[in-house]
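So the chains spell out like this:
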Amino acid sequence: MQIDRTQKIAKQILEIPFWKDSDLHRSAILILPGVYQNYRITEGVKHWPKKGEYLWVAGTRGDPFYTRREILETIDRKKREHINNHNFENGGWQNHTLDQMMWVTELLKKNNNINHIILTTAAYHVPRCTLTLLQTMKKQSIKQVVISPIPIYHRLGPSLESESFGGELSRISIYQEKGDVATFETWEEYNMWRNKIIKNSN
């Protein structure tokens, strides 16, 4: 029954509607790179700056480690003109998803005008990332921030029928017990609030 509920919530997160009426100047594109999956960055940057003024690229544990210069090289030359120290951040060494989300919450504290995180990464990884970010924000008492996941479905990435996705579902349960991933009750409460925000902004 637990795995069925996990699959249900994961599907809900993957299909959640984007906050179309959000304020561009209060929105951040959050890209979560991965193990030799450069497409996460090349696809993720396509949403910047059209959907959000800020571009945040989380760090990794060196598999590979993306430097600021390497990230900039993936961005269209015309778009690079919009890059500055105010709107572009890239993380350093980060061991795992929780480290990445702790980095994000620190940025949210520094940029308390931001009320919309556009989380983009490989589709199979999106549910756990979203729930980890939600739990980390909860622990840091960060409220009133809408998360809009944008799953990346790419031919080089694992499908939702793959063992990789199954592994992600298992990790959700494991890390919920550790307190690193939001419970389904926390998610459902948050999603109700999120739906109200989106509905009232239309």
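Residues numbered from 1 in each chain as written. Predicted model: local features only at pLDDT ≥ 70, side-chain atom pairs only at ≥ 80, totals over all residues. Heavy atoms only, no water.

### Here we look at the nonpolar core
Working step 1: With 41 residues, the main nonpolar core has L30, W56, V104, I117, L119 and L133 as its most contacted residues.
Working step 2: Among the elements that take part in this core, helix α6 (residues 126-139) stands out by supplying six residues, more than any other.
Working step 3: Here I117 is in contact with A28, L30, W56, V104, L108, L133, V145, V146, I147 and S148, once residues within four sequence places are set aside.
Working step 4: With 10 residues, the next largest nonpolar core counts L55, V57, F88 and I150 among its residues. (Core = buried A, V, L, I, M, F, W, Y, C linked by side-chain atoms within 4.5 Å. Buried < 20%, exposed > 50% of the residue type's maximum accessible area, 1.4 Å probe, protein only. Helix = DSSP H or I, 4+ residues; strand = E, 2+ residues; numbered from the N terminus. Contact = heavy atoms within 4.5 Å.)

### Brief notes about the environment of D180
Working step 1: Here D180 is to be found in the loop between α7 (163-178) and α8 (184-201).
Working step 2: Sequence-wise, D180 and L98 are 82 residues apart; in three dimensions their C-alpha atoms are separated by 7.0 Å.

### Re the pattern of salt bridges
Working step 1: Enumeration according to the criterion identifies seven salt bridges in this entry.
Working step 2: Among the ionic pairs, R5 bridges to E185, the shortest N-O distance being 3.1 Å. One end of the pair, R5, is in helix α1 (residues 2-15); the other, E185, is in helix α8, with 180 residues separating them in the sequence.
Working step 3: The exposure class of R5 is partly exposed, given its relative accessible area of 28%.
Working step 4: Given a relative accessible area of 47%, E185 falls into the partly exposed group.
Working step 5: Residues R5 and E188 are paired through a salt bridge, measuring 3.3 Å at the closest nitrogen-oxygen approach. Residue R5 is located in helix α1, and its partner E188 is located in helix α8; the two are separated by 183 residues in the primary sequence. (Salt bridge = Lys/Arg side-chain N within 4 Å of Asp/Glu carboxyl O.)

### Some remarks on α6
Each α-helix turn comprises 3.6 residues. Residues three or four places apart therefore point the same way.
Working step 1: Between its first and last C-alpha atoms α6 spans 20 Å; for 14 residues at 1.5 Å apiece the expected length is 20 Å, and the two agree.
Working step 2: By the criterion of burial, α6 is predominantly enclosed, with 12 of the 14 residues buried.
Working step 3: For α6, the full list of buried residues reads V126, P127, R128, C129, T130, L131, T132, L133, L134, Q135, T136 and M137.
Working step 4: The positive-phi residue at the C-terminal boundary of α6 is S141, with phi of around 60°. (Expected span 1.5 Å × (residues − 1).)

### Comments concerning the side chain of S22
Working step 1: Secondary-structure assignment places S22 in the loop between α1 and β1 (27-31).
Working step 2: Residue S22 is classed as buried on the basis of its relative accessible area of 16%.
Working step 3: Separated by 3.1 Å, the side chains of S22 and H116 make a polar contact.
Working step 4: Excluding anything up to four places from it in sequence, S22 contacts S27 and H116. (Polar contact = N/O pair within 3.5 Å; in protein donor to acceptor, adjacent residues only side chain to side chain.)

Nothing here speaks to function; it is geometry throughout.
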